[in-house]
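Architecture at a glance
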Amino acid sequence: MGLRPVDLAREHGLSTQAVRNYEEAGVLPPAERSPSGYRVYAPRHAAALRAFLALVPAHGHATATAIMRAVNDGAVEAALRLIDESHAELAGDRRTLEAVERALHDLTLPDAEEPARGGTFIGPLARRLGIRPATLRKWEQAGLVVPDRDPKTGYRVYGSADVRDVLMAHQLRRGGHGLDQIAQVLEQMRTAGGPEALQPTMREWHARLTARGRAMLTGAAALDAYLND
């Protein structure tokens, strides 16, 4: 039975132009044409559209498009490789979250009355984290951490609290948080007097990763249905 663009569009609340755009982008296999030149879709096209829309929340629009293009070109292995890369990315995000939680567990705020003991300069600290000194200067400009200056040389000197904040900023950046959000998190932690202020952020992060993991399951099921169509 032939399907019109509006039939595919109506199921998902899309416009018919969106359906045509998806076909042109390779998300849908090419449609047959009626004698009068109108597109005629089949149930397979509807399955392809369901698969794509299920893949988007799991992998993002660009990757979902690349997956469907590969499948429609017969390059299933390439499509599966893209899916594997997304799973690896999610696993990396989970490891980052675990690292942040471990860091939070180990963090202790120094006594405000206790003078800083020693300190480290920007170069050694950057090497410890595997980042460039310019990144630490950028974080300083964003207000994440404001180290003291050596009175003789003018060099930045990171005390224990500064190092703690830099380590936390580094972990949160790896987790995908923006500088503005990290600055707020660090300020909340300082104001609250402990890492407990980060618990809402951690819960939201857990929820986001769980939602993406579930979306991957949904996307995989829809893609498998399309492959078996």
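Because the structure is a prediction, the values reported are computed rather than measured. (Residues numbered from 1 in each chain as written. Predicted model: local features only at pLDDT ≥ 70, side-chain atom pairs only at ≥ 80, totals over all residues. Heavy atoms only, no water.)

Details of the overall build of the chain
Along its length, the chain carries 10 helices and four strands. For the chain, the α and β elements follow one another from N to C terminus as α-α-β-β-α-α-α-α-α-β-β-α-α-α. The buried share of the chain, reckoned over its 229 residues, is 41%. A fraction of 61% describes how many contacts in the chain between residues 6 or more apart in sequence connect residues 24 or more apart. In the structure as shown, the chain presents an accessible area of about 13,000 Å², 52% of it carried by carbon and sulfur atoms. (Helix = DSSP H or I, 4+ residues; strand = E, 2+ residues; numbered from the N terminus. Buried < 20%, exposed > 50% of the residue type's maximum accessible area, 1.4 Å probe, protein only. Contact = heavy atoms within 4.5 Å. Areas by Shrake-Rupley, 256 points an atom, 1.4 Å probe, with all protein chains shown as cover.)

Looking at the packing of aromatic side chains
Under the criterion given, the structure shown has two aromatic pairs. Ring geometry for Phe121 and Tyr155: centres 6.1 Å apart, planes at 85°, overall edge-to-face. Note that Phe121 is positioned in the loop between α5 (76-106) and α6 (122-129) and Tyr155 in the loop between β3 (148-149) and β4 (156-157), a separation of 34 residues in sequence. Residue class for Tyr155 comes out exposed when judged on its relative accessible area of 53%. (Phe/Tyr/Trp six-rings, centres within 6.5 Å; stacked < 30°, edge-to-face > 60°.)

Examining the pattern of salt bridges
Following the criterion strictly, the structure yields 10 salt bridges and no others. Linking Glu11 and Arg50 is a salt bridge whose minimum nitrogen-to-oxygen distance equals 2.7 Å. With a gap of 39 residues between them, Glu11 in helix α1 (residues 5-12) and Arg50 in helix α3 (residues 43-59) connect regions that are remote in the sequence. Assessed through its relative accessible area of 44%, Glu11 is described here as partly exposed. Using a relative accessible area of 38% as the deciding quantity, one classes Arg50 as partly exposed. Of the charged contacts, one joins Arg208 and Glu204 as a salt bridge, the two residues approaching to 2.8 Å between their closest N and O atoms. (Salt bridge = Lys/Arg side-chain N within 4 Å of Asp/Glu carboxyl O.)

Spatial relationships are all this shows, so hold off on functional conclusions.
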